[in-house]
Amino acid sequence: MTVPRQPSSPDSAESPDPADGGGRPREGRRHMIRRRWLTATIIVLLIGVPAGYLVISANQSRNSGRDKEAKYSATGLTAGWPSKVQRRLYDVPIPHYSREVAYYETNNWRTSRLYAQFLTSNKGLDKFLQQIGTSTGELEKNDITISKRDRKVVGWQFTDPGPWLGITHRKKDPAPTLDVVVNRVNPDHPMVYVVSTTTP
């Protein structure tokens, strides 16, 4: 004996399918593909664009560093700052925020020298000279105090337009003697060249 089937309720055709997410109509395939493509595009833009900028910036910075190294290696100078120990030992207090900083050190049994150059501000020049024990008022016009021999070691020419100023600041041994030459072709940003010589 078979049990007769119950007739379905009139609105059973409209009742939501639990698999449909509680009453929302099923998402069409085309709409799903479009939504996923849009999500992927946003992720790529949010991650890829900043990453691309970082890569470009790093390459530019690396290339700039290589250019500086190539520029200075031809003269024997090393682009960058001497160590704190070198600056203290040779009494070359390069001012903060200086640019175009480069240096070279030589040592033998008789003398040690630190060659340094940097581009600074007028305030930076004042501070540098004050820290080594002199002042801008002591600079002599057209006095190239760095010897030809020392200029040749690092390829300094000092033939650019001036005005050029210089000073030799001697201290009691074993403190170093500093030969300083300043190019003031840019009145706001003097270029400073220093040779510090110590005798052990």
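Residues numbered from 1 in each chain as written. Predicted model: local features only at pLDDT ≥ 70, side-chain atom pairs only at ≥ 80, totals over all residues. Heavy atoms only, no water.

1. Brief notes about the overall build of the protein
Piece 1. Looking only at helices and strands, one finds four helices and seven strands in the protein.
Piece 2. From first element to last, N terminus to C terminus, the protein shows the α and β order α-β-α-β-β-α-β-α-β-β-β.
Piece 3. Counting across all 200 residues of the protein, residues that qualify as buried make up 30%.
Piece 4. Within the protein, contacts between residues at least 6 apart in sequence are counted, and of these 50% link residues at least 24 apart.
Piece 5. Surface summary for the protein: the accessible area is close to 14,100 Å², and the carbon and sulfur share equals 54%. (Helix = DSSP H or I, 4+ residues; strand = E, 2+ residues; numbered from the N terminus. Buried < 20%, exposed > 50% of the residue type's maximum accessible area, 1.4 Å probe, protein only. Contact = heavy atoms within 4.5 Å. Areas by Shrake-Rupley, 256 points an atom, 1.4 Å probe, with all protein chains shown as cover.)

2. Points about the sheet that holds strand E3 (residues 112-119)
Piece 1. With antiparallel pairing, seven strands are arranged side by side in an open sheet as E1-E2-E3-E7-E6-E5-E4. Here the strands that pair on one side only, and so sit at the sheet edges, are strand E1 (78-79) and strand E4 (140-141).
Piece 2. In the sheet, strand E5 (residues 164-169) pairs with strand E6 (residues 177-183) via six bridges, with the strands oriented antiparallel. Its bridge partner lying in E6, His169 is registered against Leu178. (Pairing = 2+ DSSP bridges.)

3. With respect to the pairing of strand E7 (residues 191-198)
Piece 1. Taken across its eight residues, E7 has eight buried, putting it largely inside the fold.
Piece 2. Here E7 shows no split at all, with Met191, Tyr193, Val195 and Thr197 on one side and Val192, Val194, Ser196 and Thr198 on the other all buried.
Piece 3. Pairing analysis gives eight bridges linking E3 to E7, with the strands arranged antiparallel. Across the sheet, the residue bridging to Leu114 is Ser196, located in E7.

4. A look at a nonpolar patch on the surface
Piece 1. A cluster of nonpolar side chains, Trp37, Leu38, Ile42, Ile43, Leu46 and Ile47, forms an exposed patch at the surface whose accessible area comes to about 670 Å².
Piece 2. Inspection of the secondary structure puts Leu46 in helix H1 (residues 29-73).
Piece 3. What makes Leu46 exposed here is its relative accessible area of 61%. (Patch = residues over 30% accessible without salt bridge, like charges linked within 9 Å, V, L, I, M, F, W, Y side chains within 5 Å. Salt bridge = Lys/Arg side-chain N within 4 Å of Asp/Glu carboxyl O.)

5. Thoughts on unusual backbone geometry
Piece 1. Note that the residue after Gly162, namely Pro163, is joined by a cis bond; omega there is 10 degrees.
Piece 2. Residue position: Pro163 is located in the loop between helix H4 (148-154) and E5.
Piece 3. Of note, the phi angle at Glu100 is positive, near 50 degrees, even though the residue is not glycine.
Piece 4. Summarising the element assignment, Glu100 is placed in strand E2 (residues 99-107).
Piece 5. You will see that Asn142, though not glycine, has its phi angle at about 60 degrees, which is positive.
Piece 6. Here Asn142 lies in the loop between E4 and H4.
Piece 7. The class for Asn142 is exposed, based on a relative accessible area of 59%.

6. A few points about the environment of Arg149
Piece 1. Structurally, Arg149 is set in helix H4.
Piece 2. Classification of Arg149 by relative accessible area gives partly exposed; the value is 48%.
Piece 3. At 2.5 Å, the side chain of Arg149 and the side chain of Asp150 are in polar contact. (Polar contact = N/O pair within 3.5 Å; in protein donor to acceptor, adjacent residues only side chain to side chain.)

7. Here we look at the packing of aromatic side chains
Piece 1. Throughout the structure, instances matching the rule amount to eight aromatic pairs.
Piece 2. Summarising the aromatic geometry, the rings of Tyr115 and Trp156 are spaced 6.2 Å apart at their centres and angled 65 degrees between planes, so their arrangement reads as edge-to-face. With Tyr115 in strand E3 and Trp156 in the loop between H4 and E5, this residue pair connects regions lying 41 residues apart in the sequence.
Piece 3. Each ring, one from Phe158 and one from Tyr193, has its centre 4.9 Å from the other, and the planes form 65 degrees; the classification is edge-to-face. With Phe158 in the loop between H4 and E5 and Tyr193 in strand E7, this residue pair connects regions lying 35 residues apart in the sequence.
Piece 4. An aromatic cluster is built from Tyr104, Tyr115, Trp156, Phe158, Trp164 and Tyr193, whose rings are joined through pairwise contacts. (Phe/Tyr/Trp six-rings, centres within 6.5 Å; stacked < 30°, edge-to-face > 60°.)

None of the figures reported here should be taken as evidence of function without further support.
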